[in-house]
Structure formats: C-alpha cells, structure tokens
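Fold and contact review
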Amino acid sequence: DSFRICSYVINNTLSYEACKRDHCAAAKYGKDAQQDALCAAFAAVAHDCADRSIYVSWRKTDRCPKSCQNERVYTDCASTYQQTCQNYGQDFANLLDLTSDCAPGCVCPEGTVIDLGRNTTCIKPDQCTCYFHGKYYLPRQTISIDCNNW
C-alpha cells in the first residue's frame, strides 16, 4: 500500500469518509467521474502526507496515471529546480529549502537533463549543446572565433 507510512500521521477516517462521499456522488455521472473522484481523493491524501514531509509515489499505470510530453516522467514530488545543460554541475541543494521543494509534475528521467538548445528535450549531460554568442552548438561541433577554430 502506497500510503502505509503516511497513515501513521494523518487521520485516515476523515480521508476515507470524504473519498466515499465523493465517489458515491460521482456515480450519477459515470465511471470516469467516479475514477476522477477517487484520484482526487488519493491526491488529497498525498498532499496531506507531503505537508508532513512524507512523499508518496501513489500513481501507477493502472491507478490514476499521468502522462508527460518530451520524454518526461511524472512524479508526485518534482523539484522546482530542474537540472539543465546550462546549470549542470552546479550545486543548488544548499540554496533550496528541500522540505518544501516538492510539487507534482513532469521531470527528465534519472541521468538526463533539460537541453534548452534542443527544444527542452531530456538528454544525457555529455550530449548537451553549448550556448555561445546567442547560438546553440552541438557537442563536438567546431565554431570559428576570430579566424580560430574551437
């Protein structure tokens, strides 16, 4: 059960009763509405858990799935700071309050970063473009500066 740890610190009875009420009320609008009500209840409980610094990964492919674009993956606890090619290697952890830096959203898969030079796609850091004088360059692409190649 995804919410097991959190159940020790929140009042499950109130959440359960609200879920039951909303699920039943949605029945007259069909199964999709009931599923939406159920997902909203799960999201509310996950939010209550997050307020207590317990981050629950409760969405599954068969339970309230979310989809993302550009190869991103959905998480219930995405950092508002996302690594890009332009800030890769910089340590911002000590500048952020990591206990409150959590919100649902889409992020690049582990081991990849956002490349602004490639339409914000997720790529491995060694494939990052380079930004120089207003233009993005591909990895290992030669650029000419004052008749010199770099």
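Scroll up a little and you will see the structure.
We now turn to the structure provided with this report. Keep in mind the model is a prediction, meaning the values are calculated, not measured.

1. Description of the pattern of salt bridges
What the rule picks out here adds up to 3 salt bridges. Note that Lys20 is salt-bridged to Glu17, the shortest N-O span being 3.6 Å. Taken as a pair, Lys20 and Glu17 lie in helix α1 (residues 12–26) at a separation of 3 residues, close to a single helical turn.

2. Here we look at α1
Between its terminal C-alpha atoms α1 stretches 21 Å, which fits the 21 Å expected from 15 residues at 1.5 Å a residue. Among the residues making up α1, those that are buried are Ser15, Cys19 and Ala26. Along the long axis of α1, the arc covered by the buried residues comes to 40°, so they all point the same way. Exposed and facing more than 90 degrees away from the buried side of α1 are Thr13, Leu14, Arg21 and Cys24. Buried-residue contacts for α1 involve α2 (31–51). One side-chain oxygen at the N-terminal end of α1 lies 3.0 Å from the backbone nitrogen of Thr13; it belongs to Asn11.

3. Digging into the packing of aromatic side chains
Tallied over the full model, the rule gives 4 aromatic pairs. Between Phe3 and Phe42, the aromatic rings sit 5.8 Å apart at their centres with planes inclined by 15°, giving stacked as the arrangement. Placement of Phe3 in the segment before α1 and of Phe42 in helix α2 is noted, with a sequence separation of 39 residues between them. What links up through ring pairs into an aromatic cluster is the set Phe3, Phe42 and Trp58. If you follow Arg63 out to its NZ or CZ, it ends over the ring of Phe42, 5.1 Å from the centre.

Analysis parameters
Residues numbered from 1 in each chain as written. Predicted model: local features only at pLDDT ≥ 70, side-chain atom pairs only at ≥ 80, totals over all residues. Heavy atoms only, no water. Salt bridge = Lys/Arg side-chain N within 4 Å of Asp/Glu carboxyl O. Helix = DSSP H or I, 4+ residues; strand = E, 2+ residues; numbered from the N terminus. Expected span 1.5 Å × (residues − 1). Buried < 20%, exposed > 50% of the residue type's maximum accessible area, 1.4 Å probe, protein only. Arc of directions from axis to C-beta. Contact = heavy atoms within 4.5 Å. Polar contact = N/O pair within 3.5 Å; in protein donor to acceptor, adjacent residues only side chain to side chain. Phe/Tyr/Trp six-rings, centres within 6.5 Å; stacked < 30°, edge-to-face > 60°. Lys NZ or Arg CZ within 6 Å of the ring centre and 35° of its normal.

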